[in-house]
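Here is what each chain is made of, one letter per residue.
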Amino acid sequence: MAGRQSSLKSVFLLSAGSFGHLVLQFVLLKILADLYGTGEQKAAYSAARAIPLVISTILIGTLNFAFVPIFVERRERLGRRTAWETAGSVVGLMLLVTISFAILASLAAQPLIARLNPNFSGEQLKLTVGLFRIVVWLTVTNGMIGVLQALHQCHHRFLLPALSPILGSGIAVLSTWLLHEKLGIAATAYGVLIGAILGAAIQLPLFLRHARIRIRGDAGLSRILHMMAPLVAGAAYYKLDPLVDRYLLQPTSIPLLDYSWAITSAMLILTSSGLSVVVFPVIAQHSSSGNRAGLKDELAYAMRFLAFVLTPVVVGLLFFSTPVIKDLFQGGEFTPADTEMVSRLVKIYTLVMIAGSFGEMLSRVFYVLNDTWTPVRISVVGFTLGAITKFLVAPQWGVIGIVSATSAYYLFNASSMLWLLRKRIQGVGFGGVLRMVRDSMFGAVVAVAVAYCVILLGFRLSSIVAALAAAVAYGGVMFGIRNEFAVMFVTYLAGLRDRIRQNGDHSDADQ
């Protein structure tokens, strides 16, 4: 139980950091919505960020999945020094690749952006190229952040990885707010880049204490590259999804997709990213030691936790996405019509929230089993079906059709991985998930009723207050029915309160 409470504490720490980061991200989005709405500058910024984000996702995702289990295994079997030597080689190679890419992409920016955004006007293309030459360096900073976060997580250190994105988002908000009149939307691009540099810098000391940057082959690096090969090959294909979307859409629809995806990805971060980060090294350790029972138990625990946090989020967005988006974005250049369209897209994207959360966790189980090909094959097939569907439906259904196709292939990916994993690991642990969904639905219904009453009051930002009230109501109901996570959370808070009191008593005694 103590180990479990420790895991839960780490999840809540990361979730709290993610929440702070997301609050600042939505402050930034609100500023951008007021200043630019769904106009040309916002569309140019969204298009400029697409390639760096795709490359960063490919590098960070594939490197993290391959790096963590091998670093943990080498540390356990060969010692800390050997593991850190491998880490130094990984950092050196990653910097070489990302810096080379950023230079080449900057030189080829004009034809690259023109080819990927055929519906842009000449002036919009010029603006997008200028922004791209700034944000393309995010591939370097995000790559460093990914490796450094993985190293902290392997040592069960979660504070700095949680603070890093908060710092980055804060810099972006300040830059946008203070410099937009002088630089336009380029102020946001510079702010995001500077924030990412600082986010990497605060995590760097752990690496520098134990290793140095080098580019030298060793057995650990070779194994990591071997594991990464199928992941990179597959991701270089199926992670092109945002580029396909922007290629098919008219410029006016790109910001709508951007706002709705921002909400979707925010919910994915809050509900599943912290959990998957904490659980991944644990299941890697179980797999390395051959403890299948421990792996199954940890996976079942993770799946129940996902059901616990996802159910109220999905139910809440299905009922209240319109007032939430109105309070978050509407005003200035962001119109009521924009609110209605983004709300519709978010409701469709709730399927991505469900499938993406469970799919991320399931894929990590395959990785710790040293099987990187199965998730890649599934993702390639899913993306291919989704891309074909998008090309067929985009001319008639536009952004609605594209979002629907995305949700469909996310569901395909998660369902396929679940089916194959249950065949791979006999009796794989999903015990209690359906019961957790049932209990969470009951709590979510009560929370929705509370939120509805608050929203009826009609004051400004009522949906935000309603969400907070609903969260309290949900937690109260789940604690009342003795839900395992609600009870553990209350126990953790009570212990934290007691420790604070004890420290205060000691301080008084010292005086």
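Above this text is the structure in question.
Residues numbered from 1 in each chain as written. Predicted model: local features only at pLDDT ≥ 70, side-chain atom pairs only at ≥ 80, totals over all residues. Heavy atoms only, no water.

Undergrad: Help me understand unusual backbone geometry in this model?
TA: Located in the positive-phi region is R482, a residue other than glycine, with phi close to 65°. One can find R482 in the loop between α17 (462-480) and α18 (484-510). On the accessibility criterion, R482 (54% relative accessible area) is exposed. (Helix = DSSP H or I, 4+ residues; strand = E, 2+ residues; numbered from the N terminus. Buried < 20%, exposed > 50% of the residue type's maximum accessible area, 1.4 Å probe, protein only.)

Undergrad: Can you help me understand the environment of G20 in this one?
TA: You can see G20 is positioned in helix α1 (residues 2-36). Taking the C-alpha atoms as reference, G20 lies 9.3 Å from S169; in sequence the two are 149 residues apart.

Undergrad: Where do I start with the pattern of salt bridges in this structure?
TA: Working definition: two side chains of opposite charge can pair if their charged atoms are close together. Scanning the entire structure with this criterion turns up 8 salt bridges. Between R246 and D258 there is a salt bridge, with the nearest N and O atoms lying 3.5 Å from each other. Here R246 is found in helix α11 (residues 241-248), whereas its partner D258 is found in helix α12 (residues 254-288), with 12 residues between them in sequence. Per residue, the accessibility class of R246 equals that of D258, and both read buried. Here E484 makes a salt bridge to R304, at a shortest N to O gap of 2.5 Å. Linking E484 in helix α18 with R304 in helix α13 (residues 292-329), this pair joins segments that are 180 residues apart in sequence. We classify E484 as partly exposed; its relative accessible area is 27%. Classification of R304 as buried rests on a relative accessible area of 13%. (Salt bridge = Lys/Arg side-chain N within 4 Å of Asp/Glu carboxyl O.)

Undergrad: What is the right way to look at helix α7 (residues 159-183) in this model?
TA: Helical periodicity: at 3.6 residues per turn, an α-helix aligns residues three or four positions apart in one direction. Look at α7: 34 Å from first C-alpha to last across 25 residues, which is about the 36 Å you get at 1.5 Å a residue. Taken together, the buried positions of α7 are occupied by P161, A162, S164, G168, S169, G170, A172, V173, S175, T176 and H180. Backbone geometry just downstream of α7 places G184 in the positive-phi region, at approximately 70°. (Expected span 1.5 Å × (residues − 1).)

Undergrad: Whenever I open this one, the nonpolar core confuses me. Can you help?
TA: Generally speaking, a soluble globular protein has its nonpolar side chains buried in company with each other. F67, L151 and F329 are the most contacted members of the largest nonpolar core, which has 102 residues in total. For this core, the leading source of residues is helix α2 (residues 40-78), giving 16 residues. (Core = buried A, V, L, I, M, F, W, Y, C linked by side-chain atoms within 4.5 Å.)

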